[in-house]
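Tertiary structure, described
The chain contents come next:
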Protein chains: 2
Amino acid sequence: VRVLVTGASGFVGRCAAAALRDMGHSVIAVVHSGHRDPDGEALRVDLLSAGAAGRIAEAASADALLHLAWTTRHGAYWNDLANLNWLASTAELVAAVARRGTRRICVVGTCFEYDWPVDGDCDEQATPTAAHTVYDAAKNACRLVLEQLTRDMDLSLAWARLFHLFGPGEHPDRLVSSVCRALVAGQPARCSSASGLRDFMDVRDAGAALAHLVATDVRGIVNVASGETVRIRDVAFTLGELAGRPDLIAVGELPDRPNEPPRITASTSRLNREVGFQPERRLRDGLNDALTYWSEARDQNG
Amino acid sequence: VRVLVTGASGFVGRCAAAALRDMGHSVIAVVHSGHRDPDGEALRVDLLSAGAAGRIAEAASADALLHLAWTTRHGAYWNDLANLNWLASTAELVAAVARRGTRRICVVGTCFEYDWPVDGDCDEQATPTAAHTVYDAAKNACRLVLEQLTRDMDLSLAWARLFHLFGPGEHPDRLVSSVCRALVAGQPARCSSASGLRDFMDVRDAGAALAHLVATDVRGIVNVASGETVRIRDVAFTLGELAGRPDLIAVGELPDRPNEPPRITASTSRLNREVGFQPERRLRDGLNDALTYWSEARDQNG
């Protein structure tokens, strides 16, 4: 299968493109003109520029689209109006590739689209949506718009809701990265009470899950998550233990954020049974790899 | 022509539906279940409820859709995430009516979609867009999404950008209404320096313009505006003069809002020449009617 992958130089995109190549598929990577070259064939296009969708569709002639590109400026994207530019350009891209014969469309959404149940997993069918930020509201609106567009063009659409990811290439200020950086520097890793329950997935598994999903005809919403529920602070404790420095994990030393959801966890039966995908890594193994990654990064920089 | 009008009990919708009936067209009004009955045939449906688009499309079998319904909570709608629900439900409604044979689609946008030139009118072709709030960004994204959707379904789409409106039924806290209310109460009408240039159009003319537009095949963006440029404070001065109480107009007594755009004015050549519509009322006449409206409202309320 020939798969067009946008955001292919990003955190998730790099892993998804690698997984697709490992599976023997052909990848046409779309990367922002300002980003460094990924492996293989690449189109260097700014997706928000005029005419970009048409140029990509013409150059690619792909069987499937895996669309990951979106605004992701750390800390800023939650309420950035650029989310609406990405919504509109996503609709434009899907329509453009469909006109050139692409029939399979896989776009990523987010676990933030859900109205999280306090006492159970988010289920693709049963759990309603709720708007929390411009980001998740735009993602959910994008899904609804694509459902209309793809229905009329008779396309196969999967909407992959990503949960909490970590792993190689993660932004240094996010939870797992920041705890790893503190640990390898021998400094205290200060956290809030971090009592919420989450689903953490290694980004390499998430990339592999998306690669599997885009190659199937499974339609509708699919949670992309590990299925392992963990308390956030236990992620920090596990990292401390793996680093041999449990004493550095300073839980409760930062204030809790207001309105922090108590639980964001995933039902993964669609991913496991319909897509036929199981993650390769247990949480503990992925966290150990993250620690190694930041340890090596520190050795290289210092 | 049989025209489905959403938001038909709203400020603009009432006037558009009345104008369509005056022109001899058949109107199927969609009104929110909580609103009072408008004239004629009406479907009482909450457009954001599940399945609403399909039910409306099935019941209406219209030749054309004039879609005005959107979140408009005074003061709140600018950054309300409900704008994204309206974007998604608009795409759903357009697709649903198109599947039942509606070929002409007219949806309202806003002059806030433009990156306003400081020294000239907003032109449908030449003036770029800019995102200022969630509201205008969602409207612009909606337009881009509908362009894709209608292209693939071979529909005729007009996107009517409304400028500043006033007239019967205007929210009492908006400029013209609030000045009129002060004047008829014999109280000072306190304003900011109000030095910006705007295009004010009587809502009855705006409704008539939309009625004309939806009945044509003019496609793309069309500014719906009077073409008369006026300084905001001169609107207040004119009202004071018409009421015989120029002494009550207290310009400069309220602070200027930060980032108030110096100029939001419209090129109306598409509306005038391609749609063939000219407003009936001069600004002064419309303002006089507004004053009469609020004077009568005051008499009725005691």
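Here is what the cut-offs are and how they apply
Residues numbered from 1 in each chain as written. Chains lettered and ligands numbered in written order. Predicted model: local features only at pLDDT ≥ 70, side-chain atom pairs only at ≥ 80, totals over all residues. Heavy atoms only, no water. Phe/Tyr/Trp six-rings, centres within 6.5 Å; stacked < 30°, edge-to-face > 60°. Helix = DSSP H or I, 4+ residues; strand = E, 2+ residues; numbered from the N terminus. Buried < 20%, exposed > 50% of the residue type's maximum accessible area, 1.4 Å probe, protein only. Expected span 1.5 Å × (residues − 1). Core = buried A, V, L, I, M, F, W, Y, C linked by side-chain atoms within 4.5 Å. Contact = heavy atoms within 4.5 Å. Buried area = accessible area lost by both parts, 1.4 Å probe. Salt bridge = Lys/Arg side-chain N within 4 Å of Asp/Glu carboxyl O. Nonpolar A, V, L, I, M, F, W, Y, C, P; charged D, E, K, R; others polar. pLDDT = per-residue confidence, 0-100. Least-squares fit on C-alpha atoms with pLDDT ≥ 70 in both. Arc of directions from axis to C-beta. Polar contact = N/O pair within 3.5 Å; in protein donor to acceptor, adjacent residues only side chain to side chain.

Okay, the packing of aromatic side chains next. If you walk through the whole model with that rule in mind, you get 16 aromatic pairs over all chains. Centroid distance Tyr77 of chain A to Tyr135 of chain A: 4.7 Å. Interplanar angle 90°. Geometry classified as edge-to-face. Taken together, the residues Tyr77 of chain A in the loop between β4 (64-67) and α3 (82-99) and Tyr135 of chain A in helix α4 (residues 134-152) connect sequence positions 58 residues apart. The same class applies to Tyr77 of chain A as to Tyr135 of chain A, namely buried. Ring centres of Trp78 of chain B and Phe112 of chain B lie 4.9 Å apart, and the angle between their planes is 65°; on these two criteria the pair is classed as edge-to-face. Residue Trp78 of chain B is located in the loop between β4 (64-67) and α3 (82-99), and its partner Phe112 of chain B is located in the loop between β5 (104-110) and α4 (134-152); the two are separated by 34 residues in the primary sequence. Judged by relative accessible area, Phe112 of chain B falls into the buried class, the value being 18%. In this structure an aromatic cluster arises from ring pairing among Tyr77, Trp78, Phe112, Trp116 and Tyr135 of chain A.

Here the focus is α3 of chain B. Residues and elements named next belong to chain B. Taking 1.5 Å per residue, 18 residues should reach 26 Å; α3 reaches 26 Å between its end C-alpha atoms and fits that length. Among the 18 residues of α3, 15 are classified as buried, and the element is accordingly described as predominantly covered. Gly101 occupies a position one or two residues after α3 and carries a positive phi of about 105°.

Bringing the nonpolar core into the picture now. Ranked by internal contacts, the top residues of the largest apolar core, which has 106 residues, are Leu4 and Leu87 of chain A together with Leu4 and Leu87 of chain B. Discounting residues that sit within four places of it in the chain, Leu4 of chain B has contacts with Ile28, Val30, Leu43, Ile56, Ala60, Ala62, Ala64, Leu65, Leu66 and Val97 of chain B.

Taken residue by residue, the interface counts 22 residues in chain A and 22 residues in chain B. For the pair chain A and chain B, the two sides together bury roughly 1800 Å², of which 72% comes from carbon and sulfur. In this structure, the connection of chain A to chain B is made through zero salt bridges. Counting residues per element, the ones that place at least two in the side of chain A that touches chain B are α3 and α4 of chain A. Tallying contributions element by element places α4 of chain A first for the side of chain A that touches chain B, with ten residues. A per-class count over the side of chain A that touches chain B returns 15 nonpolar, three polar and four charged.

Right, let's get into the confidence of the model for chain A. One rule of thumb: low pLDDT means the predicted coordinates there are not for detailed reading. When the pLDDT values of chain A are averaged, the result is 93; 97% of them are 70 or greater. Reported confidences for the modelled complex are a pTM of 0.84 and an ipTM of 0.71.

Attention shifts here to the pattern of salt bridges. Close approach of charged atoms lets side chains of opposite charge pair. Enumeration over the complete set of coordinates arrives at 36 salt bridges over all chains. With a closest N to O distance of 3.0 Å, Arg161 of chain A and Glu113 of chain A form a salt bridge. Of this pair, Arg161 of chain A sits in strand β6 (residues 156-162) while Glu113 of chain A sits in the loop between β5 (104-110) and α4, placing them 48 residues apart in sequence. Across this residue pair, the class does not change: Arg161 of chain A and Glu113 of chain A are buried. With a shortest N-O distance of 2.9 Å, Arg143 of chain B and Glu147 of chain B are connected by a salt bridge.

For the rest of this paragraph, the subject is the relation of the copies chain A and chain B. Its rotation angle being 180°, the transformation that places chain A on chain B also includes 0.0 Å of axial translation and leaves an RMSD of 0.0 Å. Both copies of the chain, as the preceding transformation shows, are related through a two-fold rotation axis. Judged by C-alpha distance, Leu149 of chain A is the residue of chain A that lies nearest the rotation axis, at 3.0 Å. Of the interface residues in chain A, 100% have counterparts in chain B that sit at the interface too, so the contact is made through matching surfaces.

Moving on, we get to helix α9 (residues 283-301) of chain A. Residue and element names in this part refer to chain A. Taking 1.5 Å of rise per residue, the 19 residues of α9 would be expected to cover 27 Å, and the 27 Å separating its terminal C-alpha atoms lies within 8% of that figure. Turning to α9, its buried residues are Leu283, Gly286, Leu287, Ala290, Leu291, Trp294 and Ala297. Seen end-on, α9 carries its buried residues on one side only, within an arc spanning 145°. Exposed and facing more than 90 degrees away from the buried side of α9 are Asp299 and Gln300.

As a further point, take the environment of Glu113 of chain A. All names here are of chain A. With a relative accessible area of 0%, Glu113 lands in the buried category. The sequence separation of Glu113 and Asp285 amounts to 172 residues, and the corresponding C-alpha distance is 29 Å. In contact with Glu113, not counting residues within four places along its chain, are Thr129, Ala130, Asp136, Lys139, Asn140, Arg143, Trp159 and Arg161. Within the structure, Glu113 has its side chain in polar contact with the backbone nitrogen of Thr110 (distance 2.8 Å). For Glu113, the side chain forms a polar contact with the side chain of Trp159, separated by 2.9 Å.

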